[in-house]
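Spelled out from the first residue to the last, the chains are:
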Number of protein chains: 2
Amino acid sequence: MSVKITNKEQVQSLLGQYDYFLFDCDGVLWLGDHLLPHVPETLNLLKEHRKTVIFVTNNSTKSRDDYLKKFQKLGISGITKDEVFGSSYASAVYIDKILKLPKEKKVWVLGEEGIEKELKELGYTTVGGSDPVLVQDGVAFDPEHPHLVELDEDVGAVLAGLTLNLNYLKLSITMQYLLKDNKSLPFIATNIDSTFPSKGKLLIGAGSIIETVAFASGRQPDAVCGKPNQSMMNSIKADNPGLRETPKRGLMIGDRLNTDMKFGRDGGLDTLLVLTGIETEENVLKQPKDVAPTYYASKLGDLYDFCN
Amino acid sequence: MSVKITNKEQVQSLLGQYDYFLFDCDGVLWLGDHLLPHVPETLNLLKEHRKTVIFVTNNSTKSRDDYLKKFQKLGISGITKDEVFGSSYASAVYIDKILKLPKEKKVWVLGEEGIEKELKELGYTTVGGSDPVLVQDGVAFDPEHPHLVELDEDVGAVLAGLTLNLNYLKLSITMQYLLKDNKSLPFIATNIDSTFPSKGKLLIGAGSIIETVAFASGRQPDAVCGKPNQSMMNSIKADNPGLRETPKRGLMIGDRLNTDMKFGRDGGLDTLLVLTGIETEENVLKQPKDVAPTYYASKLGDLYDFCN
């Protein structure tokens with residue numbers, strides 16, 4: 001059963017036991033645009049103890065640079081780009097390092113600027129994504145739209161993620177690329193979260209959008225780059241040899257059992273669930289032993305609070 | 001194995017054997033906006049022989065009145081409203097007759113005007129659908145949109161079908177109604193075709209759009225009203241007692257094995273596949289005996305051609 005963090009001794013024990021602290025962002029550090037209590041203080045506490053902190057997020061609408069701006073805007077200072085792992089970055093790295101897609105090939109993007117920026121940073125040209133010529137809502141759907149009629153022969157992969165600017169045209173063009181050349185273009189998903197929490201509501205998640213084009217084309221993604229998939233963990237471990245060698249020196253902190261906690265557990269890390277996101281204490285306590293988080297806490301800021 | 005219709009004697013035998021001729025529309029009578037050869041002549045031939053003709057379509061973007069206009073525009077005259085069964089009409093009838101939704105309840109529509117018109121004709125008020133306040137593309141998604149923040153308490157059912165004007169807001173609001181009251185609002189799908197053929201391409205079908213909100217809400221539709229589901233066949237049989245009593249006096253003509261042919265077969269009718277739609281002769285001939293169409297023909301107009 002998961003141990004609840006309730007006092008200073010437990011926090012000191014965590015500080016002794018772990019060197020790497022991996023964090024989910026939304027629901028842990030902030031809720032939408034609201035910083036959660038004593039988050040900067042807790043991060044400072046960890047940095048004072050020379051801990052490595054790593055931020056791991058499935059939200060592909062933002063690039064790592066966008067995340068740095070968000071940290072700064074919310075008053076969390078001193079975070080560097082190499083401490084941030086987003087699903088858009090993980091997907092771009094996958095296309096580059098695993099697929100080894102030649103740089104003269106383009107990537108068709110069903111998604112937003114976060115994905116485009118990370119791909120561009122690795123030297124790829126993107127098609128689709130936030131291109132304003134694909135905005136169609138409010139006018140009749142154009143079955144003769146040039147992007148639908150003539151596919152770009154240089155496109156060598158399809159990358160799909162969360163987009164709040166989807167429409168029938170973008171989905172239908174994505175479908176054409178997925179069907180193209182006997183369904184042979186690689187189909188990559190940033191993540192497959194079915195829901196996207198926003199302002200206290202559950203909205204349509206990346207996985208639900210990807211489900212549309214998957215169902216329509218009769219294909220499933222060849223790779224999923226976000227949590228709980230371990231390709232993101234492997235990238236993190238590649239940058240942090242100490243974590244690779246001794247994963248039990250790492251603690252994954254998140255608010256979702258089926259993504260964050262699974263991600264940490266599958267990577268061999270211990271796990272800490274915070275109740276500021278979508279899970280309830282009741283639900284945490286009824287998890288079977290093999291999937292229960294190692295620890296849970298009311299909020300991340302408790303780590304600071306109990307020490308002061 | 002399916003018998004190919006190739007001569008006058010076979011056509012005369014069909015005219016002797018069947019009283020009810022059920023037709024899929026797109027791929028059989030027309031392709032998009034192009035009438036297929038000798039379709040009006042074939043329909044006239046059947047009417048001269050006092051056959052009952054019934055048009056059965058899964059495209060929910062049109063109401064029966066819209067279909068009558070399309071028949072007229074393409075030069076097919078003399079069709080009446082009671083000869084047309086669309087999935088939007090079938091869905092409205094389902095909500096009225098099977099669900100028995102009280103008329104003071106509203107229906108949330110993820111779909112187009114075809115659905116709205118049929119529901120209105122049966123006395124229901126709709127929310128969502130083609131409401132222009134839900135157009136959002138080209139502007140930032142508004143998580144505080146009034147339709148998202150405040151659900152309509154009078155909504156008593158969710159009806160989803162094909163829409164070429166979808167966006168993140170409409171999908172997310174649909175999701176809220178599907179989650180509402182512990183997922184208890186009835187969830188009806190007009191049809192679940194994964195693809196929508198248009199201008200020689202396969203675009204996103206109703207089933208793929210419905211898959212998004214189904215995956216996001218963790219629900220499957222409680223009822224699917226289009227072909228091959230038999231609720232549409234039961235409505236047709238209710239209007240045509242002769243077909244109900246002797247289904248083998250009916251012939252279902254269509255261009256899709258998995259919807260049209262299955263629809264006819266499951267209803268106890270014989271079936272005729274035409275090759276003007278999405279199936280190939282090669283594919284028809286390799287169907288196992290239990291699912292092979294009774295007959296197939298190059299085109300519907302052959303029935304007229306062979307007699308002249």
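Thresholds, definitions, all that
Numbering of residues begins from 1 in every chain and follows the order in which that chain's sequence is written. Both sets of labels track the order of writing: A upward for chains, 1 upward for ligands. Only residues with pLDDT of at least 70 get local features here, since the model is predicted, and only at 80 or more are side-chain atom pairs given and counted; chain-wide, interface and lining totals rely on the full set of residues. Excluded from the side-chain calculations are hydrogens and water; all other atoms, namely the structure's heavy atoms, are used. UniProt positions are given in the numbering used here, feature names are shortened, and annotations may be inferred rather than shown by experiment. By the criteria applied, helices consist of DSSP H or I runs no shorter than four residues and strands consist of E runs no shorter than two, each listed in order from the N terminus. Residue contacts are defined here by distance: any two heavy atoms, one from each residue, within 4.5 Å place the two residues in contact. Polar contacts, as used here, are pairs of N or O atoms within 3.5 Å; protein pairs need one atom able to donate a hydrogen and one able to accept it. Residues neighboring in sequence count only if both atoms are side-chain atoms. Only protein chains enter the area calculation, which uses a 1.4 Å probe; residues under 20% of their type maximum are buried, those over 50% are exposed, and those in between are partly exposed. Residue ranges assigned to each domain were obtained from an automatic or database domain assignment. A quick way to say it: buried area is the sum, across both parts, of accessible area lost when two parts are put together, with a 1.4 Å probe. Salt bridges are identified by distance alone: a Lys or Arg side-chain nitrogen within 4 Å of an Asp or Glu carboxyl oxygen. Under the convention adopted here, Pro, Cys and the residues Ala, Val, Leu, Ile, Met, Phe, Trp and Tyr are nonpolar, Asp, Glu, Lys and Arg are charged, and Gly plus all remaining residues are polar. Think of it this way: DSSP has to see at least two bridges between two strands before they count as a pair. For every element, the axis is a line fit to its C-alpha atoms; helices are fit only across the contacting stretch, and the angle between N-to-C directions ranges from 0 to 180 degrees.

Attention shifts here to the UniProt feature "active site" (unreviewed entry) in chain A. All names here are of chain A. According to UniProt, the feature "active site" (unreviewed entry) maps to Asp-24 and Asp-26 in the numbering used here. Note that Asp-24 resides in the loop between strand 2 (20-23) and strand 3 (30-31). Sequence-distant contacts of Asp-24, defined by excluding residues within four places in its chain, comprise Leu-29, Val-56, Thr-57, Lys-227, Met-252, Ile-253, Gly-254, Asp-255 and Asp-260. A polar contact of 2.8 Å, which involves the side chain of Asp-24, links it to the side chain of Lys-227. Tracing the sequence through the fold places Asp-26 in the loop between strand 2 and strand 3. Asp-26 sits in the partly exposed class, given a relative accessible area of 30%. Among all residues touching Asp-26, those that are not within four sequence positions of it are Leu-31, Gly-32, Pro-197 and Asp-255. A polar side-chain atom of Asp-26 sits 2.9 Å from the main-chain amide nitrogen of Gly-32.

For the rest of this paragraph, the subject is the domain arrangement of chain A. All names here are of chain A. Its domain assignment divides chain A into domain 1 (3-58 + 227-305) and domain 2 (102-224). A straight line from the C-alpha centre of domain 1 to that of domain 2 covers 31 Å. In this assembly, eight residues from domain 1 lie in contact with five residues from domain 2. Between domain 1 and domain 2, the buried area comes to about 550 Å², and carbon and sulfur atoms account for 35% of it. The largest per-residue losses of area from domain 1 upon contact with domain 2 belong to Asn-58, Asn-229 and Arg-256, which jointly make up 62% of the total buried on that side. Linking Asp-193 and Arg-256 is a salt bridge whose minimum nitrogen-to-oxygen distance equals 4.0 Å. Counting the contacts that link domain 1 with domain 2 gives three residue pairs in polar contact (both at pLDDT 80 or more). In terms of residue class, the side of domain 1 that touches domain 2 is built from one nonpolar, four polar and three charged.

Right, let's talk about the sheet that holds strand 14 (residues 250-254) of chain A for a bit. Backbone-to-backbone hydrogen bonds join strands into a sheet, with any given pair of strands oriented parallel or antiparallel. Residues and elements named next belong to chain A. With parallel pairing, seven strands are arranged side by side in an open sheet as 1-16-15-14-2-5-6. The sheet is open, and its two borders are formed by strand 1 (3-4) and strand 6 (84-86), each paired with just one other strand. Sheet analysis places strand 14 next to strand 15 (residues 270-274), joined by four bridges and oriented parallel. When the sheet's bridge partners are listed, Met-252 is paired in strand 15 with Thr-271. Contacting strand 5 (52-57) and strand 6, helix 3 (residues 64-73) crosses the sheet at an angle of about 125 degrees to strand 6.

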